[in-house]
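Residue-level structure breakdown
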Amino acid sequence: MTDIYYQPVLQTGSPRPAGAFAIGWCWFDRVIEHKRGADPVYVNAASIPADVLQRLTALRAPIAGLSMDAPRIMGILNVTPDSFSDGGKFTNPDVAVGHALAMAADGADILDIGGESTRPGAATVEVDAEVARTAPVIAAIRAATHCPISIDTRKARVAQAAMDAGADLINDVAAMTFDPAIAQVAASTGAPVCLMHAKGDPATMQDDPAYDNVLLDVYDFLVARVEAAEAAGIPRHLIVVDPGIGFGKTLDHNLTLLRGLPLFHAIGCPVLLGASRKRFIGTLGDAPDAGDRMPGSVAVALHGVASGVQFLRVHDIRETRQALRLQMVVMGRV
């Protein structure tokens, strides 16, 4: 746990002041300094410690063959009967593969395949069932496209089966705390990993979650999990971090994390934002049905882009791609 946390005040476009520092397509010359028990304050970016500045500004290495010089869209494919938004739509393998290929055609940079719902209240799926849901679909997708594939799982044996079937990245919503052996799968295969913060198990995570300081608590957790991954033989340049919007968080927690997204760049890893169709979007946007939350999801995704987030995990590929294209043009990045 650190004593001082540095959140860059990110801006885009030009003119860029002399002496400003870059994070991808964004720049900053000020940071917000956070300390526990004290009000945040603005400080000049040049005054922060050299090691923090280096982590903030170091060029991120490619992940699953994708360069980090532009935001990348991760398309969601849940081959589950009970996911909160699309549960049951893609349990048929042929339908699932068809949807994956359609997402790739619509502009998804990577496809995230999940065989266990992690919605609030969801029960754990047995390993064999999860492998049966995911590995054949991944193999069929791999045979049909070169688009990178991610396996969304907490379990080592599911991850290994996915790697054997042709997956490129392990997306672990438990950050290797549910099944620590998943770290060895990543280390032995050389696969990049995404480590996400979640408070508690999906079955109970929304039962009155509480934090001392949600932004700093989530940051400290992810720092610790990155260090654990490195100790297991996974190099930092192959690690992505995700603050876990909606996973053991209230609406106010989610908003605090969204406003503080730039802080997570100080970990020195690419950042993933997965907020698509989440409940808080429905609450704020008056959309009780998850299928009606596309506009709000795109709005949150664009906020992520302005916050320097490298991965956007979304359901609505075509709409997000169009909005992202316009956003980058307006910012002068295309």
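Residues numbered from 1 in each chain as written. Predicted model: local features only at pLDDT ≥ 70, side-chain atom pairs only at ≥ 80, totals over all residues. Heavy atoms only, no water.

1. Quick word on the overall build of the chain
Using the following cut-off: Segments assigned H or I by DSSP are reported as helices when at least four residues long, segments assigned E as strands when at least two residues long, and all are numbered from the N terminus. All radius of gyration figures rest on C-alpha atoms, and the globule criterion is 2.2 Å times the number of residues raised to 0.38. Relative accessibility decides the category of a residue: with a 1.4 Å probe and only protein chains considered, values under 20% of the type maximum give buried, values over 50% give exposed, and everything between is partly exposed. Only heavy atoms enter the contact rule, under which two residues are in contact if any of them lie within 4.5 Å. Note on areas: Shrake-Rupley with a 1.4 Å probe; residue coverage comes only from the protein chains shown. We score Asp and Glu as negative and Lys and Arg as positive, and we do not count His or the chain ends. A charge is said to be at NZ when it belongs to Lys, at CZ for Arg, at CG for Asp and at CD for Glu.
For the chain, the helix and strand inventory stands at 10 helices and 13 strands. For the chain, the C-alpha radius of gyration of 19 Å lies close to 20 Å, the compact-globule estimate for 334 residues. Looking at the chain residue by residue over its 334 residues, the buried ones come to 55%. Taking all contacts inside the chain whose residues are at least 6 apart in sequence as the whole, residues at least 24 apart take part in 68%. Taken as a whole, the chain presents about 13,500 Å² of accessible surface, with 52% of it coming from carbon and sulfur. Across the chain, the mean location of the 28 positive side-chain charges is 4 Å away from that of the 36 negative side-chain charges.

2. Digging into the side chain of His-315
Test applied: N or O atoms closer than or at 3.5 Å make up a polar contact, with two conditions inside protein: a donor-capable atom paired with an acceptor-capable one, and, for residues adjacent in sequence, both atoms drawn from side chains.
Inspection of the secondary structure puts His-315 in the loop between strand 13 (311–314) and helix 10 (317–330). His-315 gets classed as buried once you look at its relative accessible area, which sits at 10%. Polar contacts involving the side chain of His-315 include one to the side chain of Ser-276, which spans 2.7 Å.

3. Section: helix 2 (residues 93–106)
For the record, the criterion: Expected helix span is computed as 1.5 Å times (number of residues minus one).
In this model helix 2 runs 20 Å from its N-terminal to its C-terminal C-alpha over 14 residues, within 8% of the 20 Å that 1.5 Å per residue would give. Those residues of helix 2 that are buried lie in contact with strand 6 (72–78), strand 7 (110–114), helix 3 (127–144) and helix 10. In this structure Asn-92 caps helix 2, since a side-chain oxygen of it lies 2.9 Å from the backbone nitrogen of Asp-94. Positioned one or two residues after helix 2, Gly-107 has a phi angle of 120°, which is positive.

4. Side note on the nonpolar core
Filter applied, for reference: Remark: nonpolar core denotes a set of buried residues (Ala, Val, Leu, Ile, Met, Phe, Trp, Tyr, Cys) joined through side-chain atoms within 4.5 Å.
Membership of the largest hydrophobic core comes to 89 residues, with the highest contact counts inside it found for Leu-77, Ile-113, Ile-141, Ile-170, Ile-234, Phe-264 and Leu-273. With 10 residues, the next largest nonpolar core counts Met-68, Leu-169, Val-240 and Phe-311 among its residues.

5. Remarks on unusual backbone geometry
Omega for the bond connecting Ser-14 with Pro-15 falls within 30 degrees of zero, at 5°, which places this linkage in the cis form. Not every positive phi belongs to a glycine, and Ala-64 is a case in point at roughly 50°. Following the sequence through the fold, Ala-64 ends up in the loop between helix 1 (50–57) and strand 6. Residue classification places Ala-64 among the partly exposed residues on the basis of a relative accessible area of 22%. Despite not being glycine, Ala-175 shows a phi value in the positive range, around 50°. By the element assignment, Ala-175 lies in the loop between strand 9 (169–172) and helix 5 (182–189).

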